[in-house]
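Structural overview
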Amino acid sequence: MSNASEVLAKARKVTRPTSLDFIEEIFDDFIELHGDRYFADDKAVVGGIASLNGMAVTVIGVQKGRSLEENVSRRFGSPNPDGYRKALRLMKQAEKFGRPVVTLINTSGAYPGIGAEERGQGEAIARCLFETAGIKTPIISIFVGEGGSGGALALAAGDRVWMLENGMYAVLSPEGFASILWRNPSRSAEAADLMKITAHDLIKNGVIEKIIPEAPEGIENNFKFTTDIIRDSLIKEFKLLFAISKEDLLEQRYERFRKFGEFDEGTC
Amino acid sequence: MRLFKKKNYIMLDRPKKEEPIPEEIENPSIPDGMWVKCDHCKKLIYKEEMNEFKVCPKCGGNFRMSAWERIAVICDEGSFMEYDKGMVSKDPMGYPEYDKIIEKAREKSGLKEGVISGRCKINGHDAVVSVMDSNFMMGSMGSVVGEKITRSIEHATSMKLPIVIFTASGGARMQEGIISLMQMAKTSAALKKHSEAGLLYITVMTDPTTGGVSASFASLGDIIIAEPKATIGFAGQRVIEGTINEKLPEGFQKAEFQLEHGFVDKIVTRNEMKEVLGTLLGFHSGKGGLQ
């Protein structure tokens, strides 16, 4: 098993498939829908409707660019509040029409910018978390690359969270962590090891439920290997989730996040 | 023509005026605990001049308030009954010397963790209240803060009570890693249940309310109040400056900025806070229809 910094490097590799690559490979007939209906269409978040083995599903992904130019327009996959509001709009649309939701996460975090703050980055993420707790349709999230901070969590508060073998998920980027706690961003490799960011770490504490393997020759060299597994797993899992009543689905979703925390009741 | 004529002056030894004591002193050497420096006007304040609201008598700026100081000025006397008094954190990430860091924070703050929660009355109205304390690791949210806030929301839901949360936090607690991040989803989901039960949630954002706390329960109040000049925002200012490579405008991420952009309902000063909260709780108490 590779160590955390190697995983991090793979998760961030520029040749790694983006969310749109996954969408095109896993689903059929994807129709992208744009805009949050309030302010803008954030290009760091893509979303729409597609077919999963004949069933209509809502798909949302954080999108990094495939070139420098595209990366600039998509802010390297760091969403603005408008991106989270678009995602929430599409999740509510899915609920209305009884479609399940798949979210694909690949972001170092929400975008830190003036406009983002003026339009309520905190509120947008909070609203996603709050509303997701009540959306009466199954939601499965897959970390396909990087997953950083509240900007990743906002789109991963549903029923199942899966991760690719070389995906990662952390409270903050290892550079940010080392910078805040040790005032030294160059200690990021050490931070990455300490932070337990890999799929193998995260399945132990229940942050994720499933690790999706990547081909030994590298995901970009055998993409189908991974996307076939994702497609089969989604079909199976949605069948299970649709068999649960809406009330139980929400209660299980509540318990999924309610359990996190390590503390002692202590003495007064 | 002599363009650069050299002038000769007579030098006089003027008697030195008595130097006034500067009101702004960088590193004053004064006995500990008697004077405090106001972060807003930078003036030195004699501690005894300050009232229970901890407001600067010179400029009206707020000093940071501890959780217990706040409970004393918000809750009706003798009404506060604390929940989860003894709860202490474990070390989910195995962070080096986390126990020592916690111990230091305890000594500094006199608290077991970064939030105090309980049931109380505010101007006669029953409510659950949670008060964060920035003296404890900058109010950062780890397992205990997340759990105590979630439990207080759940208590409020089951007792059909409103909840008031005073936020003061730099965000998620880095030392507890991903488990801290999960507290954002946990608290927000608990608020969803409270909201669906038709109950009132008031947020009071105090300085600072940032990061993961701003991106979860702090921003979810039915009514959001802020204290004047409190820093409220998601991303850290240094991070934003580093990303966009420019200086941030004056007043960026202050309470007044959030009011202007529509993310805060009202800015309320400390001496009016209890009255405003009492009135709002009264409006939602279900009592007093048209006479």
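Worth saying up front: this structure is predicted, and the values here are computed from it rather than measured.

**Concerning the sheet that holds strand β7 (residues 210–212) of chain A**
All names here are of chain A. Ordered in space as β1-β2-β3-β4-β5-β6-β7, the seven strands form an open sheet in which the pairing is mixed. The strands lining the two open edges of the sheet, one partner per strand, are β1 (28–32) and β7. Along the sheet, successive strands turn relative to each other by an average axial angle of 25°, direction set aside. Relative to strand β4 (residues 101–107), strand β3 (residues 55–62) runs parallel, the two being bridged by four bridges. Its bridge partner being in β4, Ile60 is matched across the sheet by Thr103.

**Digging into the domain arrangement of chain B**
All names here are of chain B. By domain assignment, chain B separates into domain 1 (31–63) and domain 2 (64–283). On the domain 2 side, the residues contacting the eight residues of domain 1 number 11 residues. Broken down by class, the residue content of the side of domain 1 that touches domain 2 amounts to three nonpolar, three polar and two charged.

**Comments concerning the packing of helix α12 (residues 246–258) of chain A against helix α4 (residues 177–196) of chain B**
Between α12(A) and α4(B), whose axes approach to 8 Å, the crossing angle comes to 140°. Taken as axis vectors, α12(A) and α4(B) run oblique relative to one another. Crossing geometry of α12(A) relative to α4(B) is assigned as left-handed. Contacts between α12(A) and α4(B) involve A:Tyr254, A:Phe257 and A:Arg258 on the former and, on the latter, B:Met182, B:Ala185, B:Lys186 and B:Ala189. A class-by-class count of the residues in the contact of α12(A) with α4(B) yields five nonpolar, no polar and two charged.

**Comments concerning the nonpolar core**
With 139 residues, the main nonpolar core has A:Cys128, A:Leu129 and A:Tyr169 as its most contacted residues. In terms of residue count, α4(B) provides more of this core than any other element does, nine residues in total. When neighbours within four sequence positions are excluded, A:Leu129 is seen to be in contact with A:Ala154, A:Ala157, B:Met184, B:Ala185, B:Ser188 and B:Ser216.

**Considerations on the pairing of strand β6 (residues 160–164) of chain A**
Residue and element names in this part refer to chain A. Along β6, five of the five residues are buried, which leaves the element largely enclosed by surrounding structure. Of the pairings in the sheet, the one linking strand β5 (residues 139–147) to β6 comprises four bridges and is parallel in character. Bridged to Phe143 within β6 is Met163. Sheet topology note: the β6/β7 ladder contains three bridges and is parallel. When the sheet's bridge partners are listed, Met163 is paired in β7 with Ile211.

**A look at unusual backbone geometry**
All names here are of chain B. Here Asp207 and Pro208 are connected by a cis peptide whose omega angle stands at -10°. Its location among the elements puts Pro208 in strand β8 (residues 201–210). With a phi angle near 65°, Lys42 is a residue other than glycine that sits in the positive phi range. Within the element layout of this structure, Lys42 appears in the loop between β1 (35–37) and β2 (44–46).

**Describing helix α11 (residues 223–242) of chain A**
Residues and elements named next belong to chain A. Here α11 is 20 residues long and its end C-alpha atoms lie 28 Å apart, about the 28 Å a rise of 1.5 Å per residue gives. Those residues of α11 not exposed but buried are Thr226, Thr227, Ile230, Leu234 and Phe238. Relative to the axis of α11, the buried residues are bounded by an arc of 90° and lie together on one face. Along α11, exposed side chains directed more than 90 degrees from the buried face belong to Lys224, Asp228, Asp232, Lys236, Lys239 and Leu240. Where α11 is buried, its residues touch α2 (19–26), β2 (45–52), β4, β5, β6 and β7.

Calculation notes
- Residues numbered from 1 in each chain as written.
- Chains lettered and ligands numbered in written order.
- Predicted model: local features only at pLDDT ≥ 70, side-chain atom pairs only at ≥ 80, totals over all residues.
- Pairing = 2+ DSSP bridges.
- Helix = DSSP H or I, 4+ residues; strand = E, 2+ residues; numbered from the N terminus.
- Axes fitted to C-alpha atoms, helices over the stretch in contact; angles between N-to-C directions.
- Domains from an automatic or database assignment.
- Contact = placed C-beta atoms within 7 Å.
- Nonpolar A, V, L, I, M, F, W, Y, C, P; charged D, E, K, R; others polar.
- Parallel < 35°, antiparallel > 145°, perpendicular 65-115°, else oblique.
- Left-handed = near helix turned anticlockwise from the far one by under 90°.
- Core = buried A, V, L, I, M, F, W, Y, C linked by C-beta atoms within 7 Å.
- Buried ≥ 20, exposed ≤ 12 C-beta atoms within 10 Å, placed from the backbone.
- Expected span 1.5 Å × (residues − 1).
- Arc of directions from axis to C-beta.

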